[in-house]
Structure formats: C-alpha cells, structure tokens
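Examination of the molecular architecture
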Amino acid sequence: MAVLHLKAKPNARLTQLLPAPDGTSWTVRLQAPAQNGQANACLLTYLAGVFGVAKSEVVLLSGHASAFKKVDIRGRIAAEVQATLAGLLA
C-alpha cells in the first residue's frame, strides 16, 4: 500500500504535482473546480497517469471535501511511488 499525502489546489492554470514547502508532502494543482467532485476526479485521473496505473487503482482514502487528501496508489509499492516522485524533481 503506497499512500500519498497531498494538498489539492483547484482552479489552477494547469494540473501539476509539486513538492510542498515542508518537504514531506506534495501539493497538486488541479485545473478542475472544487465543485461536485470535479477536482477529486481530476486528481485521480492525473495521478493514474503519473504513476502509470489504471484510474481504478488510485483510491481517495480521505479528504473528499477537504484540501488535504490521502490517496492510495494500488499496484505500486511505496518504493516505486517514491522513485516516481523523485523523478518528478529531476
């Protein structure tokens, strides 16, 4: 089980994943608005593409109505997730 702790910022110009200033979590900017679950759907679709898994393998564990979210990337171990995230920084 690979769980990501994210802060979501909807209504951005483009969807992107950035390290948070605290260094332990990530901020994801989402183009979609935070209405009717649009931002959450955008988040799950985007993360599926980043980690190369099916959309059904990305599960929102908590934060359905909050900016702070916990997301499980199924089909990936924590080391694979960390390696992908490290690749985003390079």
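Residues numbered from 1 in each chain as written. Predicted model: local features only at pLDDT ≥ 70, side-chain atom pairs only at ≥ 80, totals over all residues. Heavy atoms only, no water.

Structural notes on a nonpolar patch on the surface
On the surface, Met1, Val3 and Leu61 cluster together into a nonpolar patch covering about 290 Å² of accessible area. Within the element layout of this structure, valine 3 appears in strand 1 (residues 2-9). The class of valine 3 is partly exposed, set by a relative accessible area of 32%. (Patch = residues over 30% accessible without salt bridge, like charges linked within 9 Å, V, L, I, M, F, W, Y side chains within 5 Å. Areas by Shrake-Rupley, 256 points an atom, 1.4 Å probe, with all protein chains shown as cover. Salt bridge = Lys/Arg side-chain N within 4 Å of Asp/Glu carboxyl O. Helix = DSSP H or I, 4+ residues; strand = E, 2+ residues; numbered from the N terminus. Buried < 20%, exposed > 50% of the residue type's maximum accessible area, 1.4 Å probe, protein only.)

A closer look at the pairing of strand 2 (residues 16-19)
Pairing between strand 2 and strand 3 (residues 26-29): four bridges, direction antiparallel. The partner of leucine 18 across the bridge, within strand 3, is threonine 27. Linking two consecutive strands that pair antiparallel, namely strand 2 and strand 3, is a turn of six residues; a positive phi of about 80 degrees is found at glycine 23 within it. (Pairing = 2+ DSSP bridges.)

Some words on the pattern of salt bridges
Once their charged atoms are close, side chains differing in charge can pair, the charge on each being opposite to the other. With the rule as written, the count across this model stands at one salt bridge. Measuring nitrogen to oxygen at the nearest pair gives 3.1 Å for the salt bridge that ties aspartate 72 to arginine 74. Assessed through its relative accessible area of 3%, aspartate 72 is described here as buried.

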